Amino acid sequence: AFYAVSLFTPSIISSFGLTTSPALVQLLSVPPYISGFLYTIGVGTLSDRTQLRGPFIVLNCTITLSGYALAYAASRPAVGYAALMIAATSAFSNVPIALSWFGGNAGGEIKRSVVTAMVVVFGNLCGG
């Protein structure tokens, strides 16, 4: 979900037909990243305070799925853009939570380093 949003945001926005200007399409692709940044900081802080990772990952996956479903069913460009915002916001926050979860479960510095590297490698192989 992370790579789909990251790589195809400009294509998705241009498919809505909001504008034909490439510069404006690029400009419209910025707000999902800003909201994703703010949401990631908030969810990451809450996840650290509660020492829970799994429920936040499930919640984010559910929100991302609902954003994709809304985008699929959208008939108006504004609804599609809002769905993109929802999907992007929650998809971006899963990566740091998963990395901290897997790294926190590995004992020792060397094991933690190897586990973190493996999570990144397999995440890249699977597409995020």
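Residues numbered from 1 in each chain as written. Predicted model: local features only at pLDDT ≥ 70, side-chain atom pairs only at ≥ 80, totals over all residues. Heavy atoms only, no water.

Inspection of the secondary structure assignment puts Leu-46 in helix H3 (residues 30-50). Put simply, Leu-46 and Phe-56 are 10 residues apart on the chain and 9.1 Å apart in space, counted from C-alpha to C-alpha. (Helix = DSSP H or I, 4+ residues; strand = E, 2+ residues; numbered from the N terminus.)

The final tally for this structure, using the stated rule, is two aromatic pairs. Aromatic pair Tyr-33 and Phe-92: ring centres 5.1 Å apart, planes at 20 degrees, arrangement stacked. With Tyr-33 in helix H3 and Phe-92 in helix H5 (residues 77-105), the pair connects residues that are 59 residues apart, well separated along the chain. Tyr-33 gets classed as partly exposed once you look at its relative accessible area, which sits at 36%. Of the residues examined, Phe-92 reaches a relative accessible area of 9% and is grouped as buried. Centre to centre, the rings of Trp-101 and Phe-102 are 5.7 Å apart; their planes meet at 10 degrees, and the pair counts as stacked. For Phe-102, a relative accessible area of 37% translates into the label partly exposed. (Phe/Tyr/Trp six-rings, centres within 6.5 Å; stacked < 30°, edge-to-face > 60°. Buried < 20%, exposed > 50% of the residue type's maximum accessible area, 1.4 Å probe, protein only.)

Take the confidence of the model for the protein chain next. Low pLDDT marks stretches whose predicted atomic positions should not be read closely. Summarising the model, the protein chain shows a mean pLDDT of 87, and 97% of its residues fall at 70 or more. Of all helices and strands in the protein chain, the one with the weakest mean pLDDT is helix H1 (residues 2-15) (78), whereas H3 scores best (94). (pLDDT = per-residue confidence, 0-100.)

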